[in-house]
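Coordinate inspection notes
So the chains spell out like this:
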Amino acid sequence: MTAAASSDADLIAAHAAGDPHAFAEVVRRHRDRMWAVALRTLRDPEEAADALQEAFISAFRAAGAFRAESQVTTWLHRIVVNACLDRIRRRQARPTVPLPEPGTGAAEPALPRDAVSDLQTRMVVQDALAELPDEQRAPIVLVDVEGYSVAETAKLLGIAEGTVKSRCARGRAKLAKLLGHLRNPSADANVPGDTRAVHQQRHWEGR
């Protein structure tokens, strides 16, 4: 059987057994679809390309642990989503703050206080997402962060729509507990302009 005629699972098994060409066929089949996922998650072509490369390297190395309990596309998608989330966390944990010019004395903060607060909130939300099990994190990111419908998410992950709903419900319940300290109703009148992370947290509390 040629590589082109083999199933995805057969190709992964062949790769794990030492076939030097099998994984390249897996990449050829799924590269465009995984690229679309990475680009939609990161919204930056360069970041998406780097995340996709990291994901395929991880998949290449972890192929021996694949047990065909899910489809190869589901397995790859989880790896890509996790690679994207890791890049988001690293990017937000190292914001670029310009240094003051020499001789200018005490400089004004490089970022307005509201911007710093928003950045810190987004980092807390990303840390909370990282606490979720993979099976809950992937649908939460797709449905609640990226805006995919339940049906689209089910197709991407290769699971039933009911499974997407139940995993999202469990993930939202955990996120509501992890992020409960962010809720501050008394400050609603002075919410800064970029409040997506806080509103998302309230969305999880209310679901």
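As recorded in an unreviewed UniProt entry, the protein goes by the name RNA polymerase sigma-70 factor (ECF subfamily), listed as coming from Kutzneria viridogrisea. In UniProt, the protein has this text filed under Sequence similarities (unreviewed entry): "Belongs to the sigma-70 factor family. ECF subfamily."

**Considerations on the overall build of the protein**
Secondary structure assignment for the protein yields nine helices and zero strands. The helix and strand sequence of the protein, counted from the amino end, reads α-α-α-α-α-α-α-α-α. The contacts of the protein with a sequence gap of at least 6 include a subset with a gap of at least 24, amounting to 65%. Just so you have it, the protein exposes about 11700 Å², and 52% of that area is on carbon and sulfur atoms.

**What to know about the nonpolar core**
One finds Ile12, Phe56, Val72, Trp75, Leu76 and Val80 to be the most contacted residues of the largest nonpolar core, which totals 46 residues. Elements represented by at least two residues in this core include exactly α1 (8–16), α2 (22–42), α3 (45–62), α4 (72–93), α5 (113–131), α6 (134–145), α7 (150–157) and α8 (161–178). Ranked by residue count, the leading element in this core is α4, at 10 residues.

**Let's talk about the packing of α6 against α8**
Here α6 crosses α8 at 95°, and the two axes come no closer than 8 Å. Taken together, α6 and α8 sit at an angle that is classed as roughly perpendicular. On the side of α6, the interface is formed by Glu135, Gln136, Pro139, Ile140, Val143 and Asp144, while α8 contributes Val164, Arg167, Cys168, Arg170, Gly171, Arg172 and Leu175. Residue composition of the contact of α6 with α8, grouped by class: six nonpolar, two polar and five charged.

**Focus: the packing of α6 against α7**
Interaxial distance between α6 and α7 falls to 9 Å at its minimum, and their mutual angle equals 140°. If you check the angle between α6 and α7, you find them oblique. Seen along the crossing, α6 lies across α7 with a hand that is right-handed. Counting all contacts with α6, which are made through Ala138, Pro139, Leu142 and Val143, the residues of α7 involved are Thr153, Leu156 and Leu157.

Thresholds applied
Residues numbered from 1 in each chain as written. Predicted model: local features only at pLDDT ≥ 70, side-chain atom pairs only at ≥ 80, totals over all residues. Heavy atoms only, no water. UniProt positions renumbered as here; feature names shortened; annotations may be inferred. Helix = DSSP H or I, 4+ residues; strand = E, 2+ residues; numbered from the N terminus. Contact = heavy atoms within 4.5 Å. Areas by Shrake-Rupley, 256 points an atom, 1.4 Å probe, with all protein chains shown as cover. Core = buried A, V, L, I, M, F, W, Y, C linked by side-chain atoms within 4.5 Å. Buried < 20%, exposed > 50% of the residue type's maximum accessible area, 1.4 Å probe, protein only. Axes fitted to C-alpha atoms, helices over the stretch in contact; angles between N-to-C directions. Parallel < 35°, antiparallel > 145°, perpendicular 65-115°, else oblique. Nonpolar A, V, L, I, M, F, W, Y, C, P; charged D, E, K, R; others polar. Left-handed = near helix turned anticlockwise from the far one by under 90°.

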